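The lines below spell out each chain.
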Amino acid sequence: MDSRRKTLLKKRDEVLLGGGQSRIDSQHKKGKLTARERIALFIDEGTFCEVGSFVTHRSSDFDMQNQQILGDGVVTGYGKVNGRLVYVFSQDFTVFGGSLSETHAEKICKIMDLALENGAPLIGINDSGGARIQEGVVSLGGYADIFYRNVQNSGVIPQLSAIMGPCAGGAVYSPALTDFIFMVENTSYMFVTGPGVVKTVTNEDVSSEELGGASVHGSKSGVAHFTASNEVMCIQALKKLLSYLPQNCEEKALNLTYTEGNEMRESLANSIPENPNQPYDMKEVINEIVDGGSFFEVHQAYAENMIVGFARLAGRSIGLVANQPAFLAGVLDVHSSQKAARFVRFCDAFNIPLLVIEDVPGFLPGTDQEWNAIITNGAKLLYAFSEATVPRITVITRKAYGGAYDVMNSKHIGADMNFAWPSAEIAVMGAKGAAEIIFKRDIDRAENRDLAWKEKEKEYSDLFANPYRAAARGFVDEVILPEETRIRLIQAFEMLQNKVKNNPKKKHGNIPL
Ligand code: HXC
């Protein structure tokens, strides 16, 4: 064989070995896959094209010139997922702990630029000890080059991050700038400062898992949108998410072929309990309305009083935002408002129509909420809905009280179609509280206070605890039976599919961050 061919084939073998077999074995021992194994699971067989496999670092401090490993700790390239183009980088922990050198960063940036220019999603698989300690500032510069591109790409192409190992220090900010973060339980963690620094500064004893593991970020901080029990499931979830998304902001998501059947859902007829204060599980309502098995929840364990996720309706990809009466009565608070606002903005950026299912008693009162800026955070959701130009439909199942009525995609802030069930109550507040305020004097003067209160409560309830006042004004377009919801939504989204709406020309708005 020609020696030059031999050299190439030898180098290719070297590339595949990364940091060597013993480091690959130790990666496996930790319950982790290698960078290449992850790509092989993620990308359709035979479609991955690697770019930059012979890149090496340029460092010569600390004898680094004698420690050259082809690829320099990150596998980058493009390929297909379920037949659609994606760009991917996957950090190789077997090479200097996946740490980010100047050249490692350049490889990632090259892929990011290609993804942007060619309009396809970018997926980053993170498993890294952070900045390459031997390189110093050029490594920090490399991170900033990536952060800058994350921001330029934001809203143009979907950017997804899977955390499959350490992600610490400033390195966390690249995933944080992307649209969705996936984490794997027990083998991944993210934090700005690790347990050692925490101990020194605050004297807290905390493990990596407690400080920044998947369950913490999936439930407490909301940093992670999806958590998976292992890497294989994490990669399946990444692929599933991509199936709901368009390739870029100029396109619409794929419509799956759908054959119409009986779209009436009799099971929804009795979804709402007799007692207006009794909870019910909104996820059951959602699953009845959308195509069977299509609901894919985002932020499942975070701010559970608000449900957000993707689904399909007659094969069409939609984004779903719903109050959850089974958790804190579905109240709007700081975290649920933020959660929904970010999701709404993602859907709007990528032309995914929005369905809102509303049962909200209002904003959560209290010092905790006020001091944590429920004003600013509630405004985020108001802002996000108001600026969204995608088709937007609301279904009010029960309560739509107070400011929350306005915020939850009301007609006034641009919803295209607003339906209400006969059980809807659209009012400034619940009848009990309202009676207490506006009839206080009458109630105080009455011989039987309790009876008077009940009478006044009924009077208010008869007037306002229904959808017809709002429907008379056109704030509700139609009052529908719950079992008609699915068919009415299919028809309404079809009617809205060519909607064109533009916000006033501006550099950019100023969402209350
Ligand atoms: C160079 C690194 C490295 C790094 C790990 N390695 N981190 N090399 N730069 N940042 C190397 C190790 O020397 C080792 O090499 C191999 O990777 C595996 O590391 P281990 O420590 O053996 O692995 P493990 O026990 O699993 O621990 C992983 C770890 C630990 C927790 C990530 O390596 C660690 O704490 N690394 C340093 C983390 C850090 O402080 N990074 C800088 C953060 S600041 P050998 O040859 O033995 O296999 C930062 C700023 C970003 O990132 C700023 C952006 C604005």
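Residues numbered from 1 in each chain as written. Predicted model: local features only at pLDDT ≥ 70, side-chain atom pairs only at ≥ 80, totals over all residues. Heavy atoms only, no water.

Quick notes on the side chain of Lys-399
Here is step 1 of the chain: Tracing the sequence through the fold places Lys-399 in strand β14 (residues 392-401).
Here is step 2 of the chain: Buried charged residue Lys-399 carries no salt bridge. Nearest counter-charge: Asp-359, at 5.4 Å.
Here is step 3 of the chain: A polar contact is formed between the side chain of Lys-399 and the backbone oxygen of Pro-276, at a distance of 3.0 Å.
Here is step 4 of the chain: Excluding residues within four positions of it along the chain, Lys-399 makes contact with Pro-276, Asn-277, Glu-358, Asp-359, Val-360, Pro-361 and Glu-425. (Helix = DSSP H or I, 4+ residues; strand = E, 2+ residues; numbered from the N terminus. Buried < 20%, exposed > 50% of the residue type's maximum accessible area, 1.4 Å probe, protein only. Lys, Arg positive; Asp, Glu negative; His and termini not counted. Salt bridge = Lys/Arg side-chain N within 4 Å of Asp/Glu carboxyl O. Polar contact = N/O pair within 3.5 Å; in protein donor to acceptor, adjacent residues only side chain to side chain. Contact = heavy atoms within 4.5 Å.)

Looking at the packing of aromatic side chains
Here is step 1 of the chain: Summed over the entire model, instances satisfying the criterion amount to 14 aromatic pairs.
Here is step 2 of the chain: Geometrically, the ring pair formed by Phe-310 and Phe-346 is edge-to-face, given 6.1 Å between the ring centres and 80° between the ring planes. With Phe-310 in strand β11 (residues 306-313) and Phe-346 in helix α12 (residues 334-349), the pair connects residues that are 36 residues apart, well separated along the chain. The two residues Phe-310 and Phe-346 agree in class, both being buried. (Phe/Tyr/Trp six-rings, centres within 6.5 Å; stacked < 30°, edge-to-face > 60°.)

Some remarks on the packing of α12 against helix α14 (residues 374-387)
Here is step 1 of the chain: The N-to-C vectors of α12 and α14 enclose an angle of 20°; their axes lie 8 Å apart at closest approach. In this view, α12 runs roughly parallel relative to α14, as classed from their interaxial angle. Between α12 and α14 the crossing geometry is left-handed. In contact with Val-334, Ser-337, Gln-338, Ala-340, Ala-341, Val-344, Arg-345 and Asp-348 of α12, α14 contributes Ile-374, Asn-377, Gly-378, Lys-380, Leu-381, Ala-384, Phe-385 and Glu-387.
Here is step 2 of the chain: Taken together, the residues of the contact of α12 with α14 sort by class into 8 nonpolar, 4 polar and 4 charged. (Axes fitted to C-alpha atoms, helices over the stretch in contact; angles between N-to-C directions. Parallel < 35°, antiparallel > 145°, perpendicular 65-115°, else oblique. Left-handed = near helix turned anticlockwise from the far one by under 90°. Nonpolar A, V, L, I, M, F, W, Y, C, P; charged D, E, K, R; others polar.)

Comments concerning the site of the ligand
Here is step 1 of the chain: Neighbouring the ligand are 20 residues; Arg-23, Lys-30, Gly-97, Gly-129 and Ala-131 lie closest to it.
Here is step 2 of the chain: Take Lys-30: an N or O atom from its side chain is 3.0 Å from an oxygen atom of the ligand.
Here is step 3 of the chain: Its free accessible area being 1000 Å², the ligand has 54% of it covered by the protein chains.
Here is step 4 of the chain: Those elements that provide at least two residues to the shell around the ligand are α5 (137-153) and β6 (166-168).
Here is step 5 of the chain: The dominant element in the shell around the ligand, judged by the number of residues it contributes, is α5, at 3 residues.
Here is step 6 of the chain: Of the residues assigned to the shell around the ligand, the class counts are 11 nonpolar, 6 polar and 3 charged. (Near = heavy atom within 4 Å. Areas by Shrake-Rupley, 256 points an atom, 1.4 Å probe, with all protein chains shown as cover.)

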